[in-house]
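Okay, here's what each chain looks like letter by letter:
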Amino acid sequence: MENAQATNESGTKKVYAGCRSCHLNCPVWVTVKDGRAVKVEGDPKLGPPNMGKACVRASEAIQFEYSPTRLRYPLKRAGKRGEGKWERISWDQAVEEIAAKIHSMVEEYGAETFVLPGRTGRHDMGWVAHRIARTIGTPNNYYGAIQVCYLPQFHEHINYGFYTATGGGSAPTNCHVSFSAEQAYAWPIQTQSIMANKENGTKFIVVDPVQGVYASKADEWVPVRPGTDVGLIMGMVKVIIEKELYDKDYIVRWSNAPFLVRGDTGALLLESDIVKGGSDKRYMVWDEKENRLKYWDVEEVQWEGGPSGKAHYDHLVELFEQNKTSTEQSPAAELPDSISPALFGEYEVELCTRGGKITCIPAFQMLTNNVEPWTPEHTEFITGVPADQVVRVATMIGTLKPVDINQGMQYMSTNVSQYVNAINVLKIITGSVDVAGGNVLGAFYPVTPHAFPSELDLSWADGLPLEQKRKRLGYYTHRVGCGYAWEEITKWQPIRPQNADGSLLFPDLTTVMEAAETGRPYPVHGIIAISSNWLMHDPTLARWLKLLDDENKIQLHVVTDVVMTPTAEMADYVLPAVTWMERNFLSFGTGGGSSPVHQAFNKAVEPLCEARHDYDFGALLSKELGKYDKRYVEGRLNDEWTNHWAGEYGKFWPADTIDGQRDLLSREFLGMPFDEMLKRRVAKVPGADTPPSTERYLIAGKFPTDTGKANLFSTIHQKCGYPPLPVYVEPAESPLSRPDLAEEYPLVGSYGKRQPGFFHSEFRQLPWTREMTRTPDVFINPETAARYGVKEGDWIWVEAPPTGGRAPYNRIMGKVSFRFMVAPDVVSYSQHAWWRPEKSATDDLHGAFEWNAEALIEVENNCPETGSGGYRSQLCRIYKATDEDIARYQPEITREQLEALMPMTTEECEA
Ligand SMILES: Nc1nc2c(c(=O)[nH]1)N[C@H]1C(S)=C(S)[C@@H](COP(=O)(O)OP(=O)(O)OC[C@H]3O[C@@H](n4cnc5c(=O)[nH]c(N)nc54)[C@H](O)[C@@H]3O)O[C@H]1N2
Ligand SMILES: Nc1nc2c(c(=O)[nH]1)N[C@H]1C(S)=C(S)[C@@H](COP(=O)(O)OP(=O)(O)OC[C@H]3O[C@@H](n4cnc5c(=O)[nH]c(N)nc54)[C@H](O)[C@@H]3O)O[C@H]1N2
Ligand code: SF4
Ligand SMILES: [Mo]
């Protein structure tokens, strides 16, 4: 076994490790010499996801590991927040003081006074932050970053019962359609497979206001105005419907497109609405064969006049409990010959309750009505995409169906929830959900066996009582993202919703900020940031800084991180965390989805000085808090499912250390000690069946949703009081919605695009990386730039309106980089979360105000359904920076500054 090879004569060994410099956890070899990591490399033998290639961020991990900016000891603030004065303290002292303060604040204000900002993709520890929130008892964890990250994907949960992956699954896809994604930089490894497919004939369409590397390879680059994709999709759907290019068989059988929508309430028509004592599990359709109403019974898994699939389904549920599955098709998979549900028309229906006669239309007719105004010309007017291209692209998608649609990990506009609805419609009418060559669902209850937990399942996400969850900030105001949706989903999914609670439901950033400012609906006084450089990645910087300056407002701010950051500089306690090279890792599949294959990765080097895994901090904190109140330790989880995962341990921290926790999990799910698993590297869950990867609706006879169908008509949106089928809403701050502001701020700012070498705010301090990308580029079309008198290479200011608390930090610098393929009047600021580790804490908080795009974003411009912010469609203006500005900010990094960031040569730990 090559694993963690023995040291050879020259004192080197190669360790099999899991890179986590982004979400993907690629297997890599780390060469270790005399206890120091000296090289990271790929190996074709190591397989997915990187197929042996280590990307630039893996290689640069060596410089990160020994960066002088690494945190080595627990620190306690010695001056004012942001003064850069620290006292080194012991872990014991830190945990004692933090626990005492947390407990007294919980007593005084309630546990919900604590908020935990979001982060992304750190699967080896992300769930630890959830557990810390459960331990304290607050529902307010995971806001901000996660309200934009993965949101378009996670929200599919409400329509299909789980979210889909892109890539086409087991069969090659005819057509890959990508919205709002620069895969080439964001997922370099996965891009390779898309490019390979393209060589084999896959058509490739990219919708993006900027033609980047990815779009330059596309058959069609669709240059949409930022934030208007909903309009574009509506225009395309109109073409697909008019040309009858939709997959009629799929949508009639597997979606709720034929279900009747009540003209009075806007809800789906149920049997109980029209027959006294009728079932509310029966959804009504209009049968064109017999010209009368017929039902689809979700509980009986049955069309009226067809066989029942219930016994088959119940059998699947039994198998699920035994970690088994079946590939036998449900008897209800076929539509009976006697029924032909109408997709169009208007039908008069007599209610059995008060209300008399009402008009109902199939959901598909409603969709057709919604897209009626979206002629190619109107679509061009709103989106900027030429009318003939709208028709051409729509025809291509409709002809090549099923298609693999990537809706992007994030779509940072104030209409994101309607964007999710629109993408959903496009996926369903092309028959692409859970279909080979289309979009593959990550899990499918009850066809995916019980035994495949995902990293999110480890969060014990459902560990709070309902009444406490209902205190989550935003619960009643952003009901799809922050609250009510969860209550609905748990009604139809007995098993997987905890996963949804961890990934789909979050408190709302704006509401959190307002609670901290005003004390309403209750005061927020504590921030615990676990792996979150939140001042760099959440809007609106100026308002947060004001809050942090006031110790009566933010009374406790704790940060755990691997390096000193601007956010950490504003903390009261800073705790050092380990890097991926310094910990063992048991991965339950990559990317947060459920997988039958689990992987284990080794620690390559010892933690730097006193760095600890975040889990170990959580366990210590819980123990210490337990001295005040045993709820913090024993908190039995509140339902059967999470208790199942918690196993016999039945508490938040079943082991003192991360390796102990991994060992328990390894024994429970893989039937072997963690040590053994580390040696094996890869293992399948013993005794569990491997589920089929697509067309699981044919097996189950229904989708795992309330209607038993893929919800074209979003029942959750309807029940939460939002439009269930896409409607176009202009971004909250755009030239069309705010002509008043646009007079002075005429350009559309799109803030934050991935670039190679960086992961969000990370790696700005690495000399290699900064040699490649020294400064943030501002991509502008030369014609637009010429109108504002700026040239290639100029340092300019990008300035947002001062409203919404953005002033005084409402302008940032950047360097102009011409791109001919940028939609006119768009300013694309190449990155978010830039800070300047080369500057000191007292120099504007490590330069946190100079290049940080968050400062330009008005947080109150947000999505009604989810609270998600409009990071990529806000107004701005540009102008040249003066010589005085350049002298003041010294934007070019110097050789001396780079040298000061060179890796430490020895660990230099103090006693
Ligand atoms: N304008 C704009 N804003 C954006 C975006 C955008 O595109 N434009 N993108 C948004 C998106 S999609 C996301 S996901 C967020 C990014 O949000 P995050 O994922 O939170 O990224 P960072 O801000 O870099 O903060 C992560 C911090 O965790 C630290 N860290 C790394 N590993 C560990 C560990 O194991 N333990 C601990 N304790 N700390 C660790 C890093 O050093 C870093 O300081 O930003 C969002 N904000
Ligand atoms: N190198 C690197 N890789 C990363 C990350 C990183 O920080 N660095 N972060 C990871 C994370 S957390 C995430 S969420 C993903 C993000 O992954 P992606 O979403 O793929 O990456 P981005 O480059 O942020 O944005 C994609 C594209 O959206 C375009 N865009 C902006 N506004 C609009 C719009 O209104 N409509 C459309 N159609 N397009 C628009 C931008 O021009 C950009 O080219 O990347 C992941 N991978
Ligand atoms: S940074 Fe991401 S893509 Fe690159 S090797 Fe590491 S895990 Fe894989
Ligand atoms: Mo993200």
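For the protein, an unreviewed UniProt entry supplies the name Molybdopterin-dependent oxidoreductase and the organism Gordonibacter faecis. Within the UniProt record for the protein, the comment given under Sequence similarities (unreviewed entry) is "Belongs to the prokaryotic molybdopterin-containing oxidoreductase family."

Peer 1: Even after reading the chapter, I still don't get the overall build of the protein, so can you show me in this structure?
Peer 2: Looking only at helices and strands, one finds 39 helices and 31 strands in the protein. In terms of C-alpha radius of gyration, the protein reaches 27 Å, essentially the compact-globule figure of 29 Å for 911 residues. C-alpha atoms of the protein, sized along the principal axes, occupy 85 × 65 × 60 Å. Counting over 911 residues, the protein shows a buried share of 67%. Here the protein displays about 30,400 Å² of accessible surface, and carbon together with sulfur accounts for 50% of that area.

Peer 1: Explanation requested: the site of ligand 2 in the structure shown.
Peer 2: Neighbouring ligand 2 are 30 residues; Asp-208, Gly-227, Asp-229, Lys-753 and Phe-758 lie closest to it. Between Ala-186 and ligand 2, the recorded distance is 2.8 Å, taken from a backbone N or O atom to a nitrogen atom. Side-chain polar atom of Gln-410 to an oxygen atom of ligand 2: 2.7 Å apart, as the coordinates give it. In isolation ligand 2 offers 910 Å² of accessible surface; the protein chains occlude 99% of this area. Broken down by class, the residue content of the shell around ligand 2 amounts to 14 nonpolar, nine polar and seven charged.

Peer 1: Help me understand the side chain of Arg-836 in this model?
Peer 2: Mapped onto the elements of the fold, Arg-836 is located in the loop between strand E30 (826-829) and helix H37 (844-847). Side-chain polar atoms of Arg-836 contact the backbone oxygen of Tyr-889, separated by 3.0 Å. Separated by 3.3 Å, the side chain of Arg-836 and the backbone oxygen of Pro-891 make a polar contact.

Peer 1: Would you mind going over unusual backbone geometry with me for this structure?
Peer 2: Peptide bonds are, in most cases, trans, and in most cases residues other than glycine have a negative phi. For the peptide bond that leads from Lys-401 to Pro-402, omega is 0°, which places it in the cis range. Mapped onto the secondary structure, Pro-402 falls in the loop between helix H17 (387-400) and strand E18 (404-406). Look at the link from Ala-807 to Pro-808: it is a cis peptide, with omega at 5°. With respect to the secondary-structure elements, Pro-808 resides in the loop between strand E28 (795-799) and strand E29 (811-818). Positioned with a positive phi, Asn-25 is a non-glycine residue whose angle comes to about 55°.

Peer 1: It is not clear to me how the side chain of Ser-178 should be interpreted in this structure. Could you clarify?
Peer 2: In this structure, Ser-178 sits in strand E9 (residues 175-179). Residue Ser-178 is classed as buried on the basis of its relative accessible area, which comes to 0%. Leave out the neighbours within four places in its chain, and Ser-178 touches Ile-205, Val-206, Val-207, Tyr-214 and Asn-406.

Peer 1: Could you clarify how one ought to interpret helix H3 (residues 91-109) in this entry?
Peer 2: Residue pairs spaced three or four apart in an α-helix point in one direction, given the helix's 3.6 residues per turn. Between the first and last C-alpha of H3 there are 26 Å, a value that for 19 residues agrees with the 27 Å anticipated at 1.5 Å per step. Every buried residue belonging to H3 is among Trp-91, Ala-94, Val-95, Ile-98, Ala-99, Ile-102, His-103, Met-105 and Val-106, and all of these are buried. For H3, the angular spread of buried residues about the axis comes to 165°, placing them on one side. In H3, those exposed residues whose orientation departs by more than 90 degrees from the buried face are Asp-92, Glu-107 and Glu-108. Where H3 terminates, the next one or two residues include Gly-110, which has phi positive at roughly 95°.

Peer 1: Would you mind going over the state of the cysteines with me for this structure?
Peer 2: Covalent bonding between the sulfur atoms of two cysteines is what defines a disulfide. Under the criterion given, the structure shown has one disulfide. Two residues share a disulfide in this structure: Cys-609 and Cys-909, whose sulfurs sit 1.8 Å from each other. One quick way to see it: the torsion about the S-S bond of Cys-609 and Cys-909 is about -90°, and its sign makes the bridge left-handed. Here the residue Cys-609 occupies a position in the loop between strand E24 (597-601) and helix H27 (614-626), and Cys-909 occupies one in the segment after helix H39 (895-900), the gap between them amounting to 300 residues.

Peer 1: In this structure, what is going on with helix H23 (residues 509-518)? I would like to understand it.
Peer 2: Across the ten residues that make up H23, a large majority, seven, are buried. Among all positions of H23, only Leu-509, Thr-510, Thr-511, Val-512, Met-513, Ala-515 and Ala-516 are buried. On its buried side, H23 packs onto strand E6 (114-117), strand E7 (141-143), helix H5 (145-148) and helix H25 (541-549).

Peer 1: What is the right way to read the sheet that holds E28 from this model?
Peer 2: The strands making up a sheet associate through backbone hydrogen bonding, with each pair oriented either parallel or antiparallel. Reading around the circumference, E26-E30-E27-E29-E28-E31 is the order of the six strands in this closed barrel, with mixed pairing throughout. Put simply, the sheet's adjacent strands are angled 45° from each other on average, direction ignored. Pairing between E28 and E29: five bridges, direction antiparallel. Bridged to Glu-799 within E29 is Arg-811.

Peer 1: How should the site of ligand 1 be read in this particular structure?
Peer 2: For ligand 1, the set of nearby residues contains 34 residues, the closest of which are His-537, Asp-561, Ser-761, Glu-854 and Arg-872. Between ligand 1 and Ser-761, the relevant distance is 2.6 Å, taken from an oxygen atom to a side-chain nitrogen or oxygen of the residue. Between ligand 1 and the protein, one listed contact pairs a nitrogen atom with a side-chain N or O atom of Glu-854 at 2.7 Å. Coverage of ligand 1 by the protein amounts to 99% of the 920 Å² it exposes when considered alone. Within the residue set of the shell around ligand 1, elements represented by two or more residues are H5 and strand E21 (556-561). Among the residues making up the shell around ligand 1, the classes are represented as twelve nonpolar, 13 polar and nine charged.

Peer 1: Explain the packing of aromatic side chains here, please?
Peer 2: Each pair of aromatic rings is reported with the distance of its centres and the angle of its planes. Counted according to the given criterion, the structure contains 31 aromatic pairs. For the ring pair Phe-162 and Tyr-163, a centre distance of 4.6 Å and an interplane angle of 15° mean the geometry is stacked. Judged by centre distance (4.3 Å) and plane angle (15°), the rings of Tyr-809 and Phe-849 are stacked. With a gap of 40 residues between them, Tyr-809 in the loop between E28 and E29 and Phe-849 in the loop between H37 and strand E31 (874-880) connect regions that are remote in the sequence. Classification of Tyr-809 by relative accessible area gives partly exposed; the value is 24%. Under the relative-accessibility criterion, Phe-849 is labelled buried at 15%. These aromatic residues form a ring-pair network of at least three members: Tyr-250, Trp-254, Phe-444, Tyr-697 and Phe-703. Its guanidinium or amino end placed over the ring of Trp-486, Lys-469 lies 3.7 Å from that ring's centre, counting from NZ or CZ. One cation-aromatic arrangement involves Arg-811 over Trp-797; the distance from NZ or CZ to the ring centre is 3.7 Å.

Peer 1: Explanation requested: the domain arrangement of the protein in the structure shown.
Peer 2: Interface size is commonly expressed as the accessible surface area that is lost when the partners come together. As far as domains go, the protein holds domain 1 (5-59), domain 2 (163-249 + 368-441), domain 3 (250-366 + 693-717) and domain 4 (739-900). Look at where the C-alpha atoms of domain 3 and domain 4 centre, and you get two points 50 Å apart.

Peer 1: Would you mind going over the pairing of E29 with me for this structure?
Peer 2: Consecutive residues of a regular strand have side chains that alternate between opposite faces of the sheet. Alignment of strand E27 (residues 777-780) against E29, held across four bridges, turns out to be parallel. Note on E29: the bridge partner recorded for Ile-780 is Phe-818.

Peer 1: What should I look at first to understand the pairing of strand E14 (residues 292-297) in this one?
Peer 2: Counted residue by residue, E14 has five buried out of six residues, so it is predominantly covered. As paired strands, strand E13 (residues 282-287) and E14 are joined by six bridges and run antiparallel to one another. Bridging across to E14, Asp-287 finds its partner in Arg-292. Where E14 and strand E15 (residues 302-303) come together, two bridges link them in antiparallel fashion. Bridge pairing in E15 links Trp-296 to Trp-303.

About the cut-offs
Residues numbered from 1 in each chain as written. Chains lettered and ligands numbered in written order. Predicted model: local features only at pLDDT ≥ 70, side-chain atom pairs only at ≥ 80, totals over all residues. Heavy atoms only, no water. UniProt positions renumbered as here; feature names shortened; annotations may be inferred. Helix = DSSP H or I, 4+ residues; strand = E, 2+ residues; numbered from the N terminus. Rg over C-alpha atoms; globule rule 2.2 N^0.38 Å. Buried < 20%, exposed > 50% of the residue type's maximum accessible area, 1.4 Å probe, protein only. Areas by Shrake-Rupley, 256 points an atom, 1.4 Å probe, with all protein chains shown as cover. Near = heavy atom within 4 Å. Polar contact = N/O pair within 3.5 Å; in protein donor to acceptor, adjacent residues only side chain to side chain. Nonpolar A, V, L, I, M, F, W, Y, C, P; charged D, E, K, R; others polar. Contact = heavy atoms within 4.5 Å. Expected span 1.5 Å × (residues − 1). Arc of directions from axis to C-beta. Disulfide = S-S within 2.5 Å. Pairing = 2+ DSSP bridges. Axes fitted to C-alpha atoms, helices over the stretch in contact; angles between N-to-C directions. Phe/Tyr/Trp six-rings, centres within 6.5 Å; stacked < 30°, edge-to-face > 60°. Lys NZ or Arg CZ within 6 Å of the ring centre and 35° of its normal. Domains from an automatic or database assignment.

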